[in-house]
Amino acid sequence: MDLDIQIIRTKSPKEKPQSEANLSFGKLFTDHMFLVEYTEGRGWHDARIQPYGPLAIDPASPVLHYSQEIFEGLKVYRRKDGGLQMFRPLENANRMNRSADRMCMPQLDPEFQVLAMKTLVELEQDWVPHAEGTSLYLRPTMIADGAELGVHPAHHFLYYIICSPSGSYYKNGMAPIRIHIEDRYVRAVKGGTGAAKTGGNYASSLKATFEAQAKGYDQVLWLDGKENKYVEEVGAMNMVFVMDGKLVTAPTEGSILPGITRKSILQLAQEKGIPVEERPIAVEELFQAHAEGRLTEAFGTGTAAVISPVGELAYRDRSMILNEGKIGPVSQAMYDNLVGIQRGDLPVQRVGDAAELGREDGGVPPHQLQRMGLVLQIEDVALLVHQLCDFSRCL
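What you are looking at is a predicted structure, and each value in this text was computed from that prediction instead of being measured.

> I'd like a rundown of the pattern of salt bridges, residues and numbers included.
Following the criterion strictly, the structure yields 20 salt bridges and no others. Here E72 and R95 are joined by a salt bridge, their closest N and O atoms 2.7 Å apart. Within this pair, whereas E72 is found in the loop between strand 4 (69–71) and strand 5 (74–78), its partner R95 is found in helix 2 (residues 89–102), the two being separated by 23 residues in sequence. For the pair formed by E72 and R95, the shared burial category is buried. The closest approach of N and O atoms between R262 and E278, which form a salt bridge, is 2.6 Å. Taken together, the residues span a long stretch of sequence, with R262 in helix 6 (residues 260–272) and E278 in strand 14 (residues 276–278) at a distance of 16 residues. Residues joined by salt bridges that share partners form a network here, namely K246, E277, R279 and E285.

Quick look at the structure:
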């Protein structure tokens, strides 16, 4: 995609946080943002990085009335050697395009999306925190724009990326959460927009989550919208169960967002030889497996938490406690390995098709990867290529 990125630097830089220990999620934003526009008949144009600030949209803008909107989320990490590393940005760019197709929005070349992320991160690199567990969160977003009412695809769109330095998800340690299995509301149905990362899916989840939290639970485990008995997502995460020595998870078949963290966890497990099953999982099967001692752990997977272990599952008048309410060994190992990959702490041992990781300081030499056509060089920001870490050390 032949499109230059203009850079307009801010004349009023913000004050950076004095203490990284006080960083939260999504409340502080960097000095700049990336923006590119799409106009029907013209395509994508006017790519630029500009000072962070409000968007000027018309009150009749389609995004405000018909929710034609999609977004992504990924992180940039600071390695121990001071370099920066992004986790699987091409996966996010490709998923962005799948969401765009479902929501009748224009697709944007995945490599250009990654280039935009890289260029913005290079400009904002001083905002990437150093402390363990911290990161710079990137939020690519596309919205319908214009000044016209009517239920039809918009003719003008905005794609933008904002950055937010974020603190550790587990400030007080990784404590298992209490989950309410929701049997009244549903998040999505097959044929709907559940597999797209669009705002309406999250808005529709708020009421059930609010009611569950009022009862003392941390999150909601969603069931399928047809029979209301098969497990789907937990909150905004994918759900994984450790059952009969296998990782068991629901298939992403139209109503479940195909998570990139989920994909990474399953790939790591398969590389180690842990069996993985993607199949429908009924709530009754979970209770039976738990009673028989075959269900030992459960955890959610997602960008923000990486791994969120589950200590309790409650359904109607029944409840089960998993692993005595403690973090299980598989959950801990998965977390340690994936975070190690994300932060560049684990050395890459060989090239494969599972995890994607670019390293500047170890593993397969960059020149070898270039010959194999697997690496995308972006100067001091290490992008992801097809490599695998040694998973055996943590299991």
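> How would you sum up unusual backbone geometry? Please name residues and give values.
Residue D244 is not a glycine yet carries a positive backbone phi of 55 degrees. For D244, the location among the structural elements is in the loop between strand 12 (237–243) and strand 13 (246–249). For D244, a relative accessible area of 44% gives the class partly exposed. Although it is not a glycine, V306 sits at a positive phi angle of roughly 70 degrees. Position of V306 among the secondary structure elements: in strand 16 (residues 306–315). Look at V306 and you get buried, because its relative accessible area is 5%.

Conventions we followed
Residues numbered from 1 in each chain as written. Predicted model: local features only at pLDDT ≥ 70, side-chain atom pairs only at ≥ 80, totals over all residues. Heavy atoms only, no water. Salt bridge = Lys/Arg side-chain N within 4 Å of Asp/Glu carboxyl O. Helix = DSSP H or I, 4+ residues; strand = E, 2+ residues; numbered from the N terminus. Buried < 20%, exposed > 50% of the residue type's maximum accessible area, 1.4 Å probe, protein only.

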